[in-house]
Amino acid sequence: MRTICEHNSPPHLERSTPAVRPLSAIESLRARIETIERRGRHARSVLTFGIAAMDARLPGGGLARGAVHEIAGGGPGAADGAAAALFAAGIAARAGGKVLWCLTRPDLFAPALAQAGLSPERVIYVEAGEEKTVLACAEEGLRHGGLGAVVAEVARLPMTASRRLQLAAEGNAALGLVLRRWWQRSEVAECGQPNAAETRWRVSVLPSAPLPVPGVGRPRWRVALIRARAGKRADFELEACDDAGRLAVPAALGDRPAAQAGGRRGAAA
């Protein structure tokens with residue numbers, strides 16, 4: 001016998017409603033990861049280079065704070081490696097605050113870093129015996145949130161390790177800089193592997209401008225932006241960092257249109 005409610009119910013309500021399928025464990029995990037990845041992104045500030053052609057190529061108009069950026073020499077030689085280290089030092093110098101520099105061996109020349117604007121009293125060096133420890137120390141430094149920049153010197157940067165660094169950096173204002181150092185030529189191939197860095201840079205040395213008197217002019221670099229999340233590839237001919245960590249467009253190029261002075265499409269490493 002049907003009840004009054006059943007008798008008076010519209011026909012469409014008598015049909016069974018299909019049950020909502022619960023999220024699987026994998027789908028639930030993906031949703032949590034997406035939430036973590038979005039955390040703090042909208043509030044992040046950027047560190048500009050002060051060079052219009054460079055900043056225009058970067059999302060937000062500069063290097064995102066609370067994010068990881070990869071820097072490497074344009075080739076396996078020592079000169080390009082040193083230029084990459086000074087490029088990283090200049091960025092860290094302009095980031096402000098203390099800088100945690102994690103490395104496997106004490107081979108940095110502090111006076112050279114000071115010439116790029118990074119004075120010794122601002123740097124905390126952590127010498128680790130292996131790259132795994134370097135990455136772990138850098139991750140803790142980024143998670144701390146009280147540093148201006150964290151530099152990790154490694155030859156290899158696996159995707160999992162880069163994601164851990166990126167997640168640790170998000171939500172604070174620290175810059176994560178991964179300086180790729182190659183001790184063997186076989187390690188250069190590792191640099192082409194994908195990782196979670198928001199930008200990837202390659203720095204190569206160029207001849208300095210001739211002076212009217214005997215001497216050596218300000219060093220010049222070719223700085224290639226080979227990857228930028230939601231940005232464009234480009235390369236730039238620049239004068240090396242000064243004692244405040246600032247780059248400059250060579251005077252001879254500064255008079256050219258922006259499309260010629262900088263922003264030429266770079267080749268992937």
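Residues numbered from 1 in each chain as written. Predicted model: local features only at pLDDT ≥ 70, side-chain atom pairs only at ≥ 80, totals over all residues. Heavy atoms only, no water.

Draft legend 1. Quick peek at the pattern of salt bridges. Tallying each qualifying case throughout the model produces 13 salt bridges. With its nearest N and O atoms 2.8 Å apart, the salt bridge here joins Arg181 to Glu153. Note that Arg181 is positioned in the loop between strand 7 (175-180) and strand 8 (199-206) and Glu153 in strand 6 (residues 149-154), a separation of 28 residues in sequence. Relative accessible area serves as the criterion here: at 3%, Glu153 is assigned to the buried category. (Salt bridge = Lys/Arg side-chain N within 4 Å of Asp/Glu carboxyl O. Helix = DSSP H or I, 4+ residues; strand = E, 2+ residues; numbered from the N terminus. Buried < 20%, exposed > 50% of the residue type's maximum accessible area, 1.4 Å probe, protein only.)

Draft legend 2. View of helix 8 (residues 159-169). Inspection of helix 8 places Ala161, Ser162, Leu165, Gln166, Ala168 and Ala169 among the buried residues, and these make up the whole buried set. Seen from one end, helix 8 has its buried residues packed into an arc of 165°, which puts them on one side. In this structure, the buried side of helix 8 is in contact with strand 3 (67-73), helix 7 (131-144) and strand 7. Of the residues one or two after helix 8, Gly171 is the one with positive phi, at around 95°. (Arc of directions from axis to C-beta. Contact = heavy atoms within 4.5 Å.)

Draft legend 3. Structural detail: the environment of Pro120. Looking at the secondary structure, you find Pro120 in the loop between helix 6 (110-115) and strand 5 (123-127). Take Pro120: its relative accessible area is 46%, and that puts it in the partly exposed class. A sequence separation of 10 residues divides Pro120 from Ala110, and the C-alpha atoms of the two residues are 6.4 Å apart.

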